[in-house]
Amino acid sequence: MSKSFKTFLKHTAKDFHNQSVNPPVVRASTIIFKSMKDIRKTQAKAKKNPIGGFYDYGRQGTSTTYILQKILTKLEESYHVFTTPTGFGAVFLAIFSVTRPGDEIIVADPVYSPTRLLTEKFLKEFNIKTIFYNPNDLKTLEKNITKRTKLIFVENPGSNTFDFQDLGKIVSIAKKNKILTAIDNTWGTPYFLKPIKLGFDMSIVSATKYYSGHSDVMGGSLAVNKKVFSKVHNAERITGLRLGPDDAYLITRGLRTLDVRLDRHRENAKKVALFLSKNKKFKLLYPYKKDSTNFRMWKKYYSGASGLMGLKIKSGNVNSVKKFVNSLKLFGYGYSWGGFESLALHQEFRETGNRKYLKLAKNEHLVRLHIGLEEPNDLIADIKQALRHLK
Ligand SMILES: Cc1ncc(COP(=O)(O)O)c(C=O)c1O
């Protein structure tokens, strides 16, 4: 019987051995064997089948991390999923696995600003050159390809500006030029977009966000196809970038309701977006406007939209923008997103990074809203009262 993924998430990983619905947390540094012979047997099995869950030391994982990896592999429809201590660890692992001194990488201009710092500044110290491309003009990607280009790194949509790119075209440019591809898919998660199926070699999700869903865990996942598996597996072992069992347990527990939460984030965000789209004081950065490129690119590749959106506000009075944000009562102020609660941020320069293709005028300001699982009419009423301050 073929089951829908929603049903799979509810029924998978029941532990009849321990008689618990959720699998237990297995904490181990030393993994104990009955005999030396048993150790060698396990090592031989691990060599033969590196994704089979055979461990001889806790840094490689335990059954708790293995269960999470198996669930995510099914969700991603990938060859394997590596789990890392943070989402940013997964970004690092993806890039570190496939680049070496002398290589070049081409990166989407609106990447998450720590990804920008990693590629533009840190990798430069290791003689790895980064070139940024304009997400709205893929000619800037194509024309920068050289013999040294190893990787195209995409984040979709673009961080804070929510640019939706032609993902299929990026994959076909990469394949034509024999270049590897990675995408940060934290916004959509594989529930709404399956990058490995689309042809990407690697796909990153910060599990800190929607996977865990409760704003109290850090984690990351890196899905891979067979082609890059060995490279990433090797780099993962060398760096020791592995998720601990307690966090793996909480993320597995969060995943049980991923579909329910994301469906509701989508519905709530749609209602709030409809309200926001009528206001002339700002441009809504969310895929809602049917005649826009962003909407077309979103529709072409995604089966849904999550709860994170932006506002590009035009105002000569920055204090009124700050007052608008500060007057929200149901939105918390804080970094991250993907939890059950609504959040707001007024973006300063450091959040957008020093982008090549983003020219914000002095009177243009970016605000980010995460639409949580509250009653959407309450959120709309809250935004309405706060907007009185925007001049
Ligand atoms: C798009 C995106 N990718 C990656 C990360 C990094 O994830 P983490 O905070 O789990 O390291 C974040 C964090 O905000 C993010 O927004």
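Peer 1: So what exactly am I meant to see when it comes to the overall build of the protein here?
Peer 2: Check the secondary structure of the protein and you find 16 helices and 12 strands. Here the protein has a C-alpha radius of gyration of 22 Å; the compact-globule value for 391 residues is 21 Å, and the two agree. The buried share of the protein, taken over its 391 residues, is 54%. In the protein, the proportion of contacts linking residues at least 24 apart, taken out of those at least 6 apart, comes to 74%. With the model as given, the accessible surface of the protein reaches about 18,700 Å², and the carbon-plus-sulfur share is 54%.

Peer 1: Looking at this structure, how should I read the nonpolar core?
Peer 2: In summary, soluble globular proteins display a tendency toward joint burial of nonpolar side chains. Residues Trp 187, Met 202, Leu 222, Phe 324 and Leu 369 are the most contacted members of the largest nonpolar core, which totals 106 residues. Leave out the neighbours within four places in its chain, and Leu 222 touches His 80, Val 81, Phe 82, Ala 90, Leu 93, Ala 94, Met 202, Ser 203, Ile 204 and Val 232.

Peer 1: What is the right way to read the sheet that holds strand β2 (residues 104–108) from this model?
Peer 2: Hydrogen bonding along the main chain pairs the strands of a sheet, whether they run parallel or antiparallel. The strand order across the open sheet formed by 7 strands is β1-β7-β6-β5-β4-β2-β3, and the pairing between neighbours is mixed. Looking at which strands have only one partner, the edges of the open sheet turn out to be β1 (80–84) and β3 (129–133). Ignoring strand direction, the axes of neighbouring strands in this sheet form an average angle of 20 degrees. Across 5 bridges, the pairing between strand β4 (residues 149–155) and strand β5 (residues 180–184) is parallel.

Peer 1: Please explain the site of the ligand as it appears in this structure.
Peer 2: Around the ligand lies a shell of 13 residues, among which Phe 88, Asp 184, Ser 206, Thr 208 and Lys 209 are the nearest. Gly 87 places a polar main-chain atom, nitrogen or oxygen, 2.8 Å from an oxygen atom of the ligand. Its residues placed into classes, the shell around the ligand shows 4 nonpolar, 6 polar and 3 charged.

Peer 1: I'm lost on the environment of Leu 255 in this one. Help?
Peer 2: By the secondary structure assignment, Leu 255 is in helix α11 (residues 245–255). A sequence separation of 246 residues divides Leu 255 from Leu 9, and the C-alpha atoms of the two residues are 6.9 Å apart. The contacts of Leu 255, once residues within four sequence positions are left out, are Leu 9, Leu 68, Ile 71, Leu 72, Tyr 211 and Arg 261.

Peer 1: Would you mind going over the environment of Asn 160 with me for this structure?
Peer 2: Topologically, Asn 160 is positioned in the loop between β4 and α7 (167–176). By relative accessible area, which is 7% here, Asn 160 ends up buried. In the structure, Asn 160 is positioned 207 residues away from Val 367 in sequence and 8.1 Å away in space, judged by C-alpha atoms.

Peer 1: Help me understand the sheet that holds strand β11 (residues 343–346) in this model?
Peer 2: Ordered by their spatial adjacency, 5 strands build an open sheet running β8-β9-β12-β11-β10, and the pairing between neighbours is mixed. Strands with a single pairing partner mark the edges of an open sheet, and in this sheet they are β8 (282–285) and β10 (332–333). Strand direction decides the pairing type here: β8 and strand β9 (residues 308–314), joined by 4 bridges, are antiparallel. When the bridges of β9 are listed, Leu 285 appears paired with Gly 310.

Peer 1: Would you take a moment to explain the packing of aromatic side chains for this structure?
Peer 2: Any aromatic ring pair is given by two values, namely how distant the centres are and how the planes are angled relative to each other. In total, this model carries 14 aromatic pairs according to the counting rule given. Seen from their ring centres, Phe 5 and Phe 8 are 5.3 Å apart, and the 40 degrees between their planes marks the pair as tilted. Here Phe 8 and Phe 5 lie together in helix α1 (residues 5–11), a separation of 3 residues that amounts to about one turn. According to the relative accessible area criterion, Phe 5 is partly exposed, its value standing at 22%. Here the aromatic rings of Phe 92 and Phe 96 are separated by 5.2 Å at their centres, their planes lie at 20 degrees, and the arrangement is stacked. Of this pair, Phe 92 and Phe 96 both sit in helix α4 (residues 87–98), 4 residues apart, roughly one helical turn. Here a set of aromatic residues connected by ring pairs shows up, and it is made of Phe 164, Trp 187, Tyr 286 and Tyr 302.

Peer 1: Teacher, can you tell me more about the packing of α4 against helix α5 (residues 113–122) here?
Peer 2: A packed helix pair is summarised by two numbers, namely the angle formed by the two axes and the spacing between the axes. It is at 11 Å that the axes of α4 and α5 come closest, and there the two elements cross at 30 degrees. As summarised for this structure, α4 and α5 are arranged roughly parallel, according to the angle between their axes. The two elements α4 and α5 meet at a crossing, and its hand is right-handed. Every residue of α5 that contacts α4 at Phe 88, Val 91, Phe 92 and Ile 95 is listed here: Pro 114, Thr 115, Leu 118 and Thr 119. Its residues placed into classes, the contact of α4 with α5 shows 6 nonpolar, 2 polar and no charged.

Procedures and definitions
Residues numbered from 1 in each chain as written. Predicted model: local features only at pLDDT ≥ 70, side-chain atom pairs only at ≥ 80, totals over all residues. Heavy atoms only, no water. Helix = DSSP H or I, 4+ residues; strand = E, 2+ residues; numbered from the N terminus. Rg over C-alpha atoms; globule rule 2.2 N^0.38 Å. Buried < 20%, exposed > 50% of the residue type's maximum accessible area, 1.4 Å probe, protein only. Contact = heavy atoms within 4.5 Å. Areas by Shrake-Rupley, 256 points an atom, 1.4 Å probe, with all protein chains shown as cover. Core = buried A, V, L, I, M, F, W, Y, C linked by side-chain atoms within 4.5 Å. Pairing = 2+ DSSP bridges. Axes fitted to C-alpha atoms, helices over the stretch in contact; angles between N-to-C directions. Near = heavy atom within 4 Å. Polar contact = N/O pair within 3.5 Å; in protein donor to acceptor, adjacent residues only side chain to side chain. Nonpolar A, V, L, I, M, F, W, Y, C, P; charged D, E, K, R; others polar. Phe/Tyr/Trp six-rings, centres within 6.5 Å; stacked < 30°, edge-to-face > 60°. Parallel < 35°, antiparallel > 145°, perpendicular 65-115°, else oblique. Left-handed = near helix turned anticlockwise from the far one by under 90°.

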